[in-house]
Amino acid sequence: MSSSDLELARRTLSRAGWLAGEAPGLADALLQHGSLVRYATGQWAQAEGDPDTGLFVVVEGAVQMYCQAPGDREVLVGHAEAGAAIGQTMRFGGGPRLVTAICVAPSLLLLVPDAALERIGRSRPDIWRAVASLVYAQLRTAIRLAAELAALPPRQRLASRLRMLARTGGGRGPVTLHLSQHALAEMIGVTRKTVNLQLSAFARAGLVEIGYGRLTIRDVAGLDRVAEG
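A few points on the structure. Note that the structure is predicted; figures quoted are calculated from it, not measured. (Residues numbered from 1 in each chain as written. Predicted model: local features only at pLDDT ≥ 70, side-chain atom pairs only at ≥ 80, totals over all residues. Heavy atoms only, no water.)

**Notes on the overall build of the protein**
When helices and strands are counted, the protein shows eight helices and eleven strands. Its C-alpha atoms give the protein principal-axis dimensions of about 50 × 40 × 30 Å. Here the protein holds 229 residues, and 47% of them are scored as buried. Within the protein, contacts between residues at least 6 apart in sequence are counted, and of these 70% link residues at least 24 apart. A total accessible area of about 11300 Å² is found for the protein, and carbon and sulfur atoms account for 55% of it. Positive and negative side-chain charges of the protein, numbering 25 and 20 respectively, have mean locations separated by a distance of 7 Å. (Helix = DSSP H or I, 4+ residues; strand = E, 2+ residues; numbered from the N terminus. Buried < 20%, exposed > 50% of the residue type's maximum accessible area, 1.4 Å probe, protein only. Contact = heavy atoms within 4.5 Å. Areas by Shrake-Rupley, 256 points an atom, 1.4 Å probe, with all protein chains shown as cover. Lys, Arg positive; Asp, Glu negative; His and termini not counted. Charge placed at Lys NZ, Arg CZ, Asp CG, Glu CD.)

Here's what the structure looks like:
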């Protein structure tokens with residue numbers, strides 16, 4: 001791994017909410033035992049059903065998650081930008097990978113398989129508390145998204161999903177997402193036309209800026225007001 005990639009990964013982990021409150025050095029342990037891997041657009045980071053579990057952190061780029069649906073369809077269920085961590089571990093039970101993860105931009109991922117987590121755990125048992133925090137956060141997000149799908153009209157649902165994506169990396173200021181309107185529509189269960197109409201209204205209000213295959217969030221607080229309205 002290059003020194004620049006390593007430093008970028010270290011900065012990304014320093015903002016990770018699931019590592020907050022843990023003793024210093026846990027991020028360095030993840031970097032020491034994990035692997036930094038670069039992926040091209042369209043490459044798979046993992047496949048649903050893979051037996052080898054573990055975590056990966058998006059250090060740079062963007063990844064979309066798909067799962068198998070009835071009728072042999074692949075459904076887009078999530079989008080992760082830099083700062084997001086995804087995965088599971090056999091230590092807490094469960095089974096194979098739950099989603100297929102595909103890079104939608106040139107990406108740098110930190111891969112920490114179960115074997116690496118076990119090695120870290122021998123000297124740093126607090127890694128399991130951090131991983132449990134991450135798994136809980138993933139479960140909480142899944143439940144919240146299910147509730148929003150059932151309860152919110154499209155405008156509020158869109159605003160809520162955008163604010164969640166904007167806050168993933170813990171950064172401040174404008175956040176640019178590698179996200180098409182088609183993908184966004186599929187994730188929140190509406191048509192692309194509906195997303196286009198609502199995003200145009202958000203853009204006129206100064207909340208977002210629309211680009212080709214990209215979306216820049218300008219005002220997360222404004223999206224909060226729409227989502228909670």
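After that view, the rundown keeps rolling.
**Remarks on the pairing of strand 6 (residues 85–88)**
For a regular strand, the rule is simple: side chains alternate between the two faces of the sheet. The alternating pattern of strand 6 places A85 and G87 on one face and I86 and Q88 on the opposite face, and all of these are buried. Sheet analysis places strand 3 (residues 54–60) next to strand 6, joined by four bridges and oriented antiparallel. Following the sheet pairing, L55 is matched in strand 6 by G87. (Pairing = 2+ DSSP bridges.)

**Regarding the sheet that holds strand 9 (residues 175–177)**
Strands in a sheet are paired, the pairing made by backbone hydrogen bonds, and the direction either parallel or antiparallel. Strand order in the open sheet formed by three strands is 9-11-10, with antiparallel pairing between adjacent strands. Taken across any chain shown, the strands that pair with only one partner, and hence form the sheet edges, are strand 9 and strand 10 (208–211). Strand after strand, the sheet turns through a mean of 15° between neighbouring axes, direction not considered. Of the pairings in the sheet, the one linking strand 9 to strand 11 (residues 214–217) comprises three bridges and is antiparallel in character. Across the sheet, residue T176 finds its bridge partner in strand 11, namely T216. Helix-sheet contacts for helix 7 (residues 192–204) involve strand 10 and strand 11, and the interaxial angle to strand 10 is about 125°. (Axes fitted to C-alpha atoms, helices over the stretch in contact; angles between N-to-C directions.)

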